[in-house]
Amino acid sequence: MINTESKIKQIIEKLDLLPHPEGGYYKEIYRSSGIIQSQSLGSEFSGSRNFATSIYFMLTSDTFSAFHKINQDEIWHFYDGSPIELHVISVSGQHTQHIIGKDIFNGEVPQLVVPANHWFAAKTIKDDDYSLVGCAVSPGFDFRDFNLPTRQKLTERYPQHKALITSFTRI
Ligand code: GUN
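Presented here is an overview of the structure given in this document.

About the cut-offs
Residues numbered from 1 in each chain as written. Predicted model: local features only at pLDDT ≥ 70, side-chain atom pairs only at ≥ 80, totals over all residues. Heavy atoms only, no water. Pairing = 2+ DSSP bridges. Helix = DSSP H or I, 4+ residues; strand = E, 2+ residues; numbered from the N terminus. Axes fitted to C-alpha atoms, helices over the stretch in contact; angles between N-to-C directions. Contact = heavy atoms within 4.5 Å.

**Digging into the sheet that holds strand 11 (residues 119-124)**
Link 1 in the chain: Reading across from one edge, 6-11-8-9 is the order of the 4 strands in this open sheet, with antiparallel pairing throughout. Both edges of this open sheet fall to strand 6 (65-68) and strand 9 (95-100), since each of them pairs with a single strand only. With strand direction ignored, the average angle separating the axes of adjacent strands in the sheet is 15 degrees.

Set out below in structure tokens:
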């Protein structure tokens, strides 16, 4: 049996994944050639964007996806490995928790939509494992729409979630 560490290395190589600034590893596998002009987008978008993009995203037990937000809804699809615990904090501070996985009879969802402009963070629920998912957005992803706050900034805004924010931020 191959151990988890070598399996993770093999997946990273095979899918050509790179470290993501939020934590975990990713590879963009689709970017539509169609362009939405900036005047057709909300003022939160600083320019034109592709219609849609999609990535592979992998979390491993020794990392996590830190709280961040983007300007568009993000659709997560579960592919393989351990289920993912995903936390969402709305602008008004409402916290919700979801498990992305295949066990639909025990509250897991294979597909999850994270609403635009909500703070979200995620981790693999098992030790010594990984989670492989897909994340698709429309308008297409652009790092200009990506907001990765510091622990201090997010805690000042949502002091009621201090413990959660502390465990899901690294800067
Ligand atoms: N491309 C680069 N980073 C991301 C991300 O976090 N989400 C999506 N959907 N696409 C990306």
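**Digging into the sheet that holds strand 7 (residues 74-81)**
Link 1 in the chain: Judged by pairing direction, the sheet is antiparallel, and its 6 strands sit side by side in the order 1-2-5-12-7-10 without closing on themselves. What marks the edges here is a single partner per strand, and that holds for strand 1 (18-19) and strand 10 (111-114).
Link 2 in the chain: Bridge analysis of strand 5 (residues 53-60) against strand 12 (residues 130-137) gives 8 bridges, and the strand direction is antiparallel. Of the residues in strand 12, the one forming a bridge with Leu 59 is Ser 131.
Link 3 in the chain: Set on the sheet, helix 1 (residues 4-15) makes contact with strand 2 (25-31), strand 5 and strand 12; between it and strand 5 the angle comes to about 165 degrees.

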